Amino acid sequence: MSDYYTLMTALPWLPELEQCTQLPISRIALDRRLTMLSDEGSAQLANIEALFHPIIDHYIMLTDKDLIAQWKADMSKVESPVMLELINYQMELKTLLAALRCRAVGLDDPSQFHGAGRWVQLIKKHWFEPGFGLDRVCPQLLQLQRLMSKEKPMLVEQYYNQQLWTSLRQAEHSHHFSFEALACFVLRWAIAERCLRYDGDKAVDTFNKSRSVLLELSGLNQQLLQGNN
Amino acid sequence: MDNLIIALGWAGLYGPMALGAIGSMIGCALAGQAACGALLETETGHGRYIGIAAMPSSQSIYGIVVMFALNREITVDNAPGLAAIGLLCGLALLFSAAWQGRCCASAINVAKIRPEIFGMSLAPAAIVEGFAVFAFIFALVISAGVPA
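Please read these numbers as outputs of a predicted model, since none were measured by experiment. Counting of residues starts from 1 at the beginning of each chain's written sequence and follows it residue by residue. Whichever chain is written first is A, and whichever ligand is written first is 1; the rest continue in order. Selection of residues for local features in this predicted model requires a pLDDT of at least 70, selection of side-chain atom pairs for listing and counting requires 80 or more, and totals for whole chains, interfaces and linings are taken over all residues.

Time to look at the overall build of chain B. Secondary structure elements follow DSSP: runs of H or I no shorter than four residues count as helices, runs of E no shorter than two count as strands, and numbering proceeds from the N terminus. Helix and strand counts for chain B stand at six helices and zero strands. Seen in sequence order, chain B has helices and strands lined up from the N terminus as α-α-α-α-α-α. Seen along its three principal axes, the alpha-carbon backbone of chain B occupies a region of about 60 × 25 × 15 Å. Residues classed as buried in chain B amount to 47% of the 148 residues present. Three exposure classes are used, all based on how many other C-beta atoms lie within 10 Å of a residue's own C-beta (placed from the backbone): buried at 20 or more, exposed at 12 or fewer, and partly exposed between those limits.

Laid out in structure tokens, this is it:
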């Protein structure tokens, strides 16, 4: 019960995402504070962080189906029901975004779509309906659709981050001085850090790198080269 | 049977002190841990964090006073009364101290972020202290009715 009292009060206050112009604590200082955690707590936190903020390079070689299988295996290691719910919520939002993007680029066969969470079957069933039959149960979908139709990916990303931020902050305020509060703080810190280092040039580099890997994997590069010859 | 009743009388006599002290230990430990964390994060105002962390210790003092108020020769006639007053008062002191510790930890956490609300943040801890005072005062009042 008392394990997190010192640690939680040793963490600084994170302002609201839109007001966050600089991080109140560096990753080095945060990691130094997190050394107060037990080995088991550290392992749990690392797993939750990896699930919530996956490193793209680790997953770029996986297909959607393999990615979901890997995600489910990692989820089984999370012990906190509160954190499981939050990670599920994040994955459901990602699934919605992925479905909207797949449909936008012309995927006509819903059975080819892979996702996670409560809504996957509904999404497949109502693939050709504008709101996947989820308009009433998922108010975020309408907003995501609206922003995607404007073709402003930055606004979509901001809305997605804001939704995650709100859910994490609510959970943090409901579980004072607990592992859940700590994990929510660390995840919010990571969202703030990611938003603050948005960089157009780096995004283009990452895109080019991802594109090269995918082209290499699919064999398209060789076909293009042969075609040129 | 008489021995059991006498033993309960002794438990009632020492109960407010022991249970109050257990509550104070829990409360001061929780608030103290929060104060230690706040020391890491702040440059000034350290003294007041440690001061807040000591708030739940008052329940031990109330327990000592109630113990002295109940102190008398324990007989089969007065032992049940002593047990009822002492143990119930002790439980009230224990829970109030433990939960006051949590209130103090929260007060330290928010006062660290916004020092200007330091006084207001102590209100919940003060309210919990009020209930401990009720238990303490009325234990003293009722103890006068227990046969000497």
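Continuing now.
What chain A contains, in helices and strands, is twelve helices and zero strands. Helices (α) and strands (β) of chain A occur, in sequence order from the N terminus, as α-α-α-α-α-α-α-α-α-α-α-α. We call two residues in contact when their backbone-placed C-beta atoms lie within 7 Å. Look at the contacts in chain A between residues 6 or more apart in sequence, and 60% of them connect residues 24 or more apart.

Let's shift gears to the packing of helix α3 (residues 39-52) of chain A against helix α10 (residues 179-196) of chain A. All names here are of chain A. Note on geometry: axes are C-alpha line fits, over the in-contact stretch for helices, and angles between N-to-C directions span 0 to 180 degrees. At their nearest, the axes of α3 and α10 sit 10 Å apart, and the two run at 40° to each other. Taken together, the axes of α3 and α10 are oblique relative to one another. When the axes of α3 and α10 are compared, the crossing they make is right-handed. Facing α3, whose interface residues are Gly41, Leu45, Ile48, Glu49 and Phe52, α10 presents Phe179, Ala183, Val186, Leu187 and Ala190. In terms of residue class, the contact of α3 with α10 is made up of eight nonpolar, one polar and one charged. With respect to orientation, any angle under 35 degrees is reported as roughly parallel, any angle over 145 as roughly antiparallel, any angle of 65 to 115 as roughly perpendicular, and every other angle as oblique. Should the near helix be turned anticlockwise from the far one by less than a right angle, the crossing is termed left-handed; should it be turned clockwise, right-handed. Ten residue types, Ala, Val, Leu, Ile, Met, Phe, Trp, Tyr, Cys and Pro, are classed as nonpolar, four, Asp, Glu, Lys and Arg, as charged, and the remainder, Gly among them, as polar.

Moving on, we get to unusual backbone geometry. All names here are of chain A. Of note in the backbone geometry, phenylalanine 132 takes a positive phi value of approximately 50° without being a glycine. By secondary structure assignment, the location of phenylalanine 132 is in the loop between α7 (120-125) and α8 (139-149). Phenylalanine 132 sits in the buried class, given 22 other C-beta atoms within 10 Å. Despite not being glycine, phenylalanine 177 has its phi angle at roughly 50°, a positive value. By the element assignment, phenylalanine 177 lies in the loop between α9 (153-174) and α10. By the C-beta count within 10 Å, which is 24 here, phenylalanine 177 ends up buried.

Attention now goes to the nonpolar core. Nonpolar side chains in soluble globular proteins tend to be buried together. By definition, a nonpolar core groups buried Ala, Val, Leu, Ile, Met, Phe, Trp, Tyr and Cys residues that connect through C-beta atoms lying within 7 Å of each other. In terms of nonpolar packing, the biggest core is built from 86 residues, with A:Leu182, B:Ala31, B:Ile52, B:Leu93, B:Cys104 and B:Ile108 touching the most fellow members. Element by element, the count of residues in this core is highest for helix α4 (residues 79-113) of chain B, at 17 residues. Beyond its immediate stretch of four places on either side in the chain, B:Leu93 contacts B:Pro16, B:Leu19, B:Gly20, B:Gly23, B:Gln59, B:Tyr62, B:Gly63, B:Ala132 and B:Ala135.

Now for the packing of α4(B) against helix α6 (residues 123-143) of chain B. Residue and element names in this part refer to chain B. The N-to-C vectors of α4 and α6 enclose an angle of 165°; their axes lie 8 Å apart at closest approach. With respect to α6, the element α4 is oriented roughly antiparallel. Considering the relative orientation of α4 and α6, their crossing is left-handed. On α6, the residues touching Ile85, Cys89, Ala92, Leu93, Ser96, Trp99, Gln100, Cys103, Cys104 and Ala107 of α4 are Pro124, Ala125, Val128, Glu129, Phe131, Ala132, Ala135, Ala139, Ile142 and Ser143. Looking at side-chain class alone, the contact of α4 with α6 contains 16 nonpolar, three polar and one charged residues.

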